[in-house]
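Listed below, chain by chain, are the residues.
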Amino acid sequence: MLHRMQLAENSLRGRKGMSEELKGYIDRKMRIGKIDGFLLYLTSLFGFLYSLIQYFFTTKEDIVYFIPLLIPGLILPIYFGYYRGALKDRAEDRVRGWLYLIVGSPFYALPLLSLLIQKQIGHFSIGIAGIVHFMLTISMAPLLYGFLDIALIKQKLEGFIFYLCGRKSSFVTDKMSSETLFSAISLSLALPMVPLIKFSLSTEFLTNFLFMIPFIIMIPFLIIAYFLCRSSERLDILSSYLEYLEIRQSEPLPGYHLLKKMERIIFKILLFSIFIAALILTLSSDLSLIIGTALITATSLIYLFLAIMSERYSPRPIPRIKNDVEVPSEVKKVLEKLIEKHSKVKRKL
């Protein structure tokens, strides 16, 4: 009799444990569904606000400044976050979609800020619209990255989404998020430069020179965005197959800690240079505009260069297929190719 009571009690505890696990699973699924819906809602909202801004605040000539912003602020978040993340139920792509949205959406404010500044200093003779837009774009990228880095938004977002998906984030997913973040920032910096190239058709040498700068900056950052996106894609796949892999974290390359220290120093200098540039612009001359543009451009590019280099010099994942796990032949071929590519990248660095 006592034995039967113990069995019944154990069975009851087992059912209670199973019901709690099932309840937790259903709760996580409902919450991740709400997160996916919220991503789609935000992208739709930003698209709607974009249309309103076009209609009420801009001319036909100004619309060209908004069009490139749709790629990082609307198209890529939906592609990665909803199509690949929500519909295919992949935590990694959900993180990537949210990072593209977080980085891309603030750039929607650039054309409006540019118009407001132009009204205040519209008496300059050099192509004021292009230069003001350029200065805002070049300063937005490092400021946004600095904020996301200091506020640890990337780590919090990644941990939260992986928790809702019933998984634990790892060093690989952290590297994937970092490279996605840099890819999104590089893309968001490069694309708003596209409309500015039209100003290079001017016959004035000084104007020509000023508006060739966006073209010179745009190309390398588009290349950086492309290669970082490819690299994050490889890390995405590695993260998806962690059940078959052992990941070892490499030591940072020599100079990594120095680069990180310099990055923090240059970020503080950037904030100060933006303040100085704002004071310079009050001098109301073409020369002051050139000096302010050069100051912000130089400091921003140095900061972004240090941030990208410190990321490339940081510890990297060294994957190896587990010996005690049976790996399907098709998966094994994919993983072997990825491991080979990662070893090549490591040797290059």
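What counts and how
- Residues numbered from 1 in each chain as written.
- Predicted model: local features only at pLDDT ≥ 70, side-chain atom pairs only at ≥ 80, totals over all residues.
- Heavy atoms only, no water.
- Patch = residues over 30% accessible without salt bridge, like charges linked within 9 Å, V, L, I, M, F, W, Y side chains within 5 Å.
- Areas by Shrake-Rupley, 256 points an atom, 1.4 Å probe, with all protein chains shown as cover.
- Salt bridge = Lys/Arg side-chain N within 4 Å of Asp/Glu carboxyl O.
- Lys, Arg positive; Asp, Glu negative; His and termini not counted.
- Charge placed at Lys NZ, Arg CZ, Asp CG, Glu CD.
- Helix = DSSP H or I, 4+ residues; strand = E, 2+ residues; numbered from the N terminus.
- Axes fitted to C-alpha atoms, helices over the stretch in contact; angles between N-to-C directions.
- Parallel < 35°, antiparallel > 145°, perpendicular 65-115°, else oblique.
- Left-handed = near helix turned anticlockwise from the far one by under 90°.
- Contact = heavy atoms within 4.5 Å.
- Nonpolar A, V, L, I, M, F, W, Y, C, P; charged D, E, K, R; others polar.
- pLDDT = per-residue confidence, 0-100.
- Core = buried A, V, L, I, M, F, W, Y, C linked by side-chain atoms within 4.5 Å.
- Buried < 20%, exposed > 50% of the residue type's maximum accessible area, 1.4 Å probe, protein only.
- Phe/Tyr/Trp six-rings, centres within 6.5 Å; stacked < 30°, edge-to-face > 60°.
- Expected span 1.5 Å × (residues − 1).
- Polar contact = N/O pair within 3.5 Å; in protein donor to acceptor, adjacent residues only side chain to side chain.
- Pairing = 2+ DSSP bridges.

(A) Looking closely at a positive patch on the surface. On the surface, Arg230, Lys333, Lys337 and Lys341 cluster together into a patch of positive charge. It is helix α12 (residues 329-348) that contributes the most residues to the positive patch, three residues altogether. Structurally, Lys341 can be placed in helix α12.

(B) Broad picture of the packing of helix α7 (residues 153-164) against helix α8 (residues 171-190). Running from N to C, α7 and α8 point in directions that differ by 130 degrees, and their axes come no closer than 10 Å. Taken together, α7 and α8 sit at an angle that is classed as oblique. Crossing handedness for the pair α7 and α8: right-handed. Residues Lys154, Gln155, Glu158 and Phe162 of α7 pack against Thr173, Asp174, Ser177, Ser178 and Leu181 of α8. Classifying every residue of the contact of α7 with α8 by side-chain character gives two nonpolar, four polar and three charged.

(C) Region of the structure containing the confidence of the model for the chain. For the chain, mean pLDDT is 75; residues scoring 70 or higher make up 73% of the total. Ranking the elements of the chain by mean pLDDT puts helix α1 (residues 2-57) last with 67 and helix α4 (residues 91-104) first with 90.

(D) Main features of the nonpolar core. Counting residues in hydrophobic clusters, the biggest one holds 71 residues, and the most contacted among them are Trp98, Val103, Phe107 and Met193. When residues of this core are assigned to their parent elements, the largest contribution, ten residues, is made by helix α6 (residues 128-150). Other than its neighbours up to four places away in sequence, Met193 contacts Phe134, Thr137, Ile138, Pro214, Ile217 and Met218.

(E) The arrangement of the packing of aromatic side chains in detail. By the definition in use, this model includes seven aromatic pairs. Relative to Tyr83, the ring of Tyr79 lies with its centre 5.9 Å away and its plane at 20 degrees, an arrangement referred to as stacked. With Tyr79 and Tyr83 both in helix α3 (residues 70-86) and four residues apart, this pair spans about one turn of that helix. Under the relative-accessibility criterion, Tyr79 is labelled partly exposed at 35%. A residue is classified by how much of its surface remains accessible, and Tyr83, at 42% relative accessible area, is partly exposed. Grouped by ring-pair contacts, the aromatic residues Tyr79, Phe80, Tyr83 and Tyr100 constitute a single cluster.

(F) Expanded view of a nonpolar patch on the surface. Nonpolar side chains collect at one region of the surface, where Phe215, Ile216, Ile219, Ile223, Tyr226 and Phe227 lie side by side and expose about 590 Å² of accessible area between them. For Ile223, the position within the fold is in helix α9 (residues 205-240).

(G) Structural view of unusual backbone geometry. Of note, the phi angle at Asp89 is positive, near 55 degrees, even though the residue is not glycine. With relative accessibility at 42%, the residue Asp89 sits in the partly exposed group.

(H) Spatial organisation of the pattern of salt bridges. Under the counting rule described, the total for this entry stands at 16 salt bridges. In this structure, Glu92 engages Arg90 in a salt bridge whose closest nitrogen and oxygen atoms are separated by 4.0 Å. The shortest N-O distance in the salt bridge between Asp174 and Lys154 comes to 2.9 Å. With Asp174 in helix α8 and Lys154 in helix α7, the pair connects residues that are 20 residues apart, well separated along the chain. For Lys154, a relative accessible area of 10% translates into the label buried. Among the charged side chains, a salt-bridge network with shared partners connects Arg84, Arg90, Glu92, Asp93, Arg96, Arg167, Glu233 and Asp236.

(I) Spotlight on the environment of Leu301. The residue Leu301 is located in helix α11 (residues 286-313) in this model. Considered as a pair, Leu301 and Ser139 are 162 residues apart in the sequence and their alpha carbons are 9.0 Å apart. Apart from the residues lying within four places of it in its own chain, the contact partners of Leu301 are Ile138, Ile217 and Phe221.

(J) Spatial organisation of α4. The end-to-end C-alpha distance of α4 is 20 Å, a good match for the 20 Å that 14 residues give at a rise of 1.5 Å each. α4 sits mainly inside the fold: 13 of its 14 residues count as buried.

(K) The arrangement of the side chain of Asp236 in detail. Residue position: Asp236 is located in helix α9. A polar side-chain atom of Asp236 sits 2.8 Å from a polar atom in the side chain of Arg90. Non-local contacts of Asp236, meaning those with residues more than four positions away in its chain, are made with Arg84, Arg90, Glu92, Asp93, Arg96 and Met176.

(L) Here's a closer look at the pairing of strand β2 (residues 317-321). Across the two faces of β2 the burial differs, with Pro317, Pro319 and Ile321 buried and Ile318 and Arg320 not buried at all. Sheet topology note: the strand β1 (residues 245-249)/β2 ladder contains five bridges and is antiparallel. Bridge pairing in β2 links Ile247 to Pro319.

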